[in-house]
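Chain residues, written in single-letter form:
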Amino acid sequence: MALPPQDERTLPAVVLQGLDKEPLEHALAAVQSLIDQHGHLIVVCSGAVSPEVARRLHTIRSLLESDRIALFRPGLPPLGLAVLARQLRQLASCDLSPGVLASAGRLLTHYIHAGALLGSVTRLDRVPVGLKQHAKSWVPGHHFAVLAHPEPQLVRIAPEAALPGPEFGTSMLVAKGQLQSDWVTATLVPQWNAQGLREAVLPAESAAWWGTGKLIEFAAFLPDLSVLYQLVTSVRQGSCHWCGIDVIGDRCVFCSAGPPPILENQLPAGRGS
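This is a predicted model, so every value here is computed, not measured. (Residues numbered from 1 in each chain as written. Predicted model: local features only at pLDDT ≥ 70, side-chain atom pairs only at ≥ 80, totals over all residues. Heavy atoms only, no water.)

So, the confidence of the model for the protein chain
Note the threshold: The predictor attaches a confidence to each residue, and that confidence, scored 0 to 100, is pLDDT. Any two residues whose heavy atoms approach within 4.5 Å at even a single point are treated as in contact.
Residues of the protein chain with pLDDT of at least 70 account for 90%, and the chain-wide mean is 86. Low pLDDT (under 50) marks residues 263-267, which in the prediction has five contacts with non-local residues, meaning those over four places away or in another chain.

In C-alpha cells, the structure reads:
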C-alpha cells in the first residue's frame, strides 16, 4: 500500500508489517514510538487483511488508551486503498489539523473509481455476480470487467463492454497480476478519458480481495494536491464534542464519537413532548 510519491511534497508512509506475527509488546512499542514522534497516527487498513491483524490493531489502540490513533478501513479494493493512502500522505504536507486530515479519508473515498479485469469471478464475493456470469466464468477465455467502487458493476468483456467512469478529470493507476490483456490500457483508459497512466506493483492483498490472481487492477483518482486540498477545505469543519479535535463529517475518526444527542430542550418549538 506504500505507493511511490505522487510529487515532491508527498510524505513517506510507515508500513506496519507482521502485526499479528510479532509479540504484542513489540507492536505496542512500535506504535507508541510513532505517536511520540508524530503526535497522531492514521492507520489505513485493507479489508482483505486477516481478522487477526484487525483485532491486533484494535487491541493496540485499546491498550494504549489513545485517542490519537485513527483506524480507517474503507471498502475500497487494495489498489484504490493504496491510492487513498497516498492522497492522505500528499495532504499531510499541508496546514491541515490531524482530525481534518483523518476525516478527509472518508471524503476522498467518494472520488476514487476502483476495479479490476478478472479472468474468473467464481470466487468473487465482494461484488454481486449473477448465475449466468458465474457459468460463463467457467468457460476458458472469458474476461470480466468489474467496478467495485463507487457503484458495483460487472460486465463480460465484449466489443461493446463499458464501465461507468468518473465525470471529472482523473489519472489512472494500473497493477498487473497474472492476466494478459490490454483492455484496461487500450479501452478503459480512453473511455474514462484518463489524463495520465502509470503502472504499480500489484498489492499483496489483491488476489484475496478479488478471489483470483488472474487480474489487472485499476484505480482512477484525483492526482493534483491543490484539487485535493480545495476539496477538503471547502467542507465545513467542526469540533468533536467529546475529545475536542477538529473534524469534518459527523463522526470523530479518533475517539469514534458521533454527533451529540439532541436534548429535549434543544428541539425546535413544537417538537418536544
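Thoughts on the side chain of H113
Rules: In this description a helix means any DSSP run of H or I spanning at least four residues, a strand means any run of E spanning at least two, and both kinds are numbered starting from the N terminus.
Mapped onto the elements, H113 comes out in strand β3 (residues 113-118). Every residue in contact with H113, bar those within four places of it in the chain, is listed here: L147, H149, P150, P164, G165, P166, F168, W192, F218, A219 and A220.

Observations regarding the packing of helix α1 (residues 24-38) against helix α2 (residues 51-64)
To keep it simple, the criterion reads: Here, axes are lines fitted to C-alpha atoms. For helices the fit covers the stretch in contact, and angles between N-to-C directions go from 0 to 180 degrees. Working rule for angles: under 35 degrees goes down as roughly parallel, over 145 as roughly antiparallel, 65 to 115 as roughly perpendicular, anything else as oblique. Throughout, a crossing is termed right-handed when the near helix is turned clockwise from the far one, and left-handed when it is turned anticlockwise from it by less than a right angle. For this scheme, ten residues count as nonpolar: Ala, Val, Leu, Ile, Met, Phe, Trp, Tyr, Cys and Pro. Four count as charged, namely Asp, Glu, Lys and Arg, and the remainder, Gly too, count as polar.
At their nearest, the axes of α1 and α2 sit 10 Å apart, and the two run at 65 degrees to each other. In this view, α1 runs roughly perpendicular relative to α2, as classed from their interaxial angle. Where α1 crosses over α2, the handedness of that crossing is right-handed. On α2, the residues touching L24, A27, L28, V31, Q32 and I35 of α1 are R56, T59, I60, L63 and L64. Here the residues of the contact of α1 with α2 are counted per class, giving eight nonpolar, two polar and one charged.

Side note on helix α4 (residues 98-109)
Working note: α-helix, 3.6 residues per turn, so residues spaced by three or four point in the same direction. Operational definition: Helix span, as expected, comes to 1.5 Å for every residue beyond the first. A 1.4 Å probe rolled over the protein chains alone gives each residue an accessible area, and that area as a share of the maximum for its type sets the label: buried under 20%, exposed over 50%, partly exposed in between.
For α4, which comprises twelve residues, the first-to-last C-alpha distance of 18 Å matches the rise-based estimate of 16 Å (1.5 Å per residue) to within 8%. Counting buried positions along α4 yields ten of twelve residues, so the element is predominantly enclosed.

Some thoughts on the sheet that holds strand β8 (residues 215-221)
Threshold: Whether two strands pair depends on DSSP finding at least two bridges between them.
Taken together, the six strands give an open sheet; going across it, the order is β5-β4-β3-β8-β6-β7, and neighbouring strands pair in mixed fashion. Of all the strands in the sheet, just β5 (153-156) and β7 (197-200) have a single pairing partner and so form its edges. Strand after strand, the sheet turns through a mean of 20 degrees between neighbouring axes, direction not considered. Bridge count for β3 against β8 is six bridges, and the pairing is antiparallel. Bridge assignment links H113 to a residue of β8, and that residue is A220. The sheet contacts of helix α3 (residues 78-91) involve β3, β6 (171-176), β7 and β8, and relative to β8 the element is tilted by about 35 degrees.

Concerning unusual backbone geometry
Note the cis peptide between H149 and P150, where omega equals 15 degrees. Within the element layout of this structure, P150 appears in the loop between β4 (144-149) and β5. Phi at N193 is positive, roughly 55 degrees, even though this residue is not glycine. With respect to the helices and strands, the residue N193 is situated in the loop between α6 (183-191) and β7. According to the relative accessible area criterion, N193 is exposed, its value standing at 57%.

Re the nonpolar core
Using the following cut-off: In this description, a nonpolar core means a group of buried Ala, Val, Leu, Ile, Met, Phe, Trp, Tyr and Cys residues linked to one another through side-chain atoms lying within 4.5 Å.
Core analysis: the largest hydrophobic core is formed by 32 residues, its most contacted members being V83, L84, L91, L96, L108, L173 and V232. Contributing elements (two or more residues each) for this core: α3, α4, β6, β8 and α8 (225-233). A per-element tally of this core places α3 first, with eight residues. The contact partners of V83, leaving out residues within four places of it in the chain, are L3, I112, L173, A219 and F221.

Some details on the pattern of salt bridges
What counts, and what does not: A carboxyl oxygen of Asp or Glu within 4 Å of a side-chain nitrogen of Lys or Arg is what we treat as a salt bridge.
For the structure on display, the rule yields three salt bridges. Residue E199 pairs with K176 through a salt bridge whose shortest N-O separation is 3.5 Å. Of this pair, E199 sits in strand β7 while K176 sits in strand β6, placing them 23 residues apart in sequence. By relative accessible area, E199 is classed as exposed at 59%. On the basis of relative accessibility, which here comes to 43%, the residue K176 falls in the partly exposed class.

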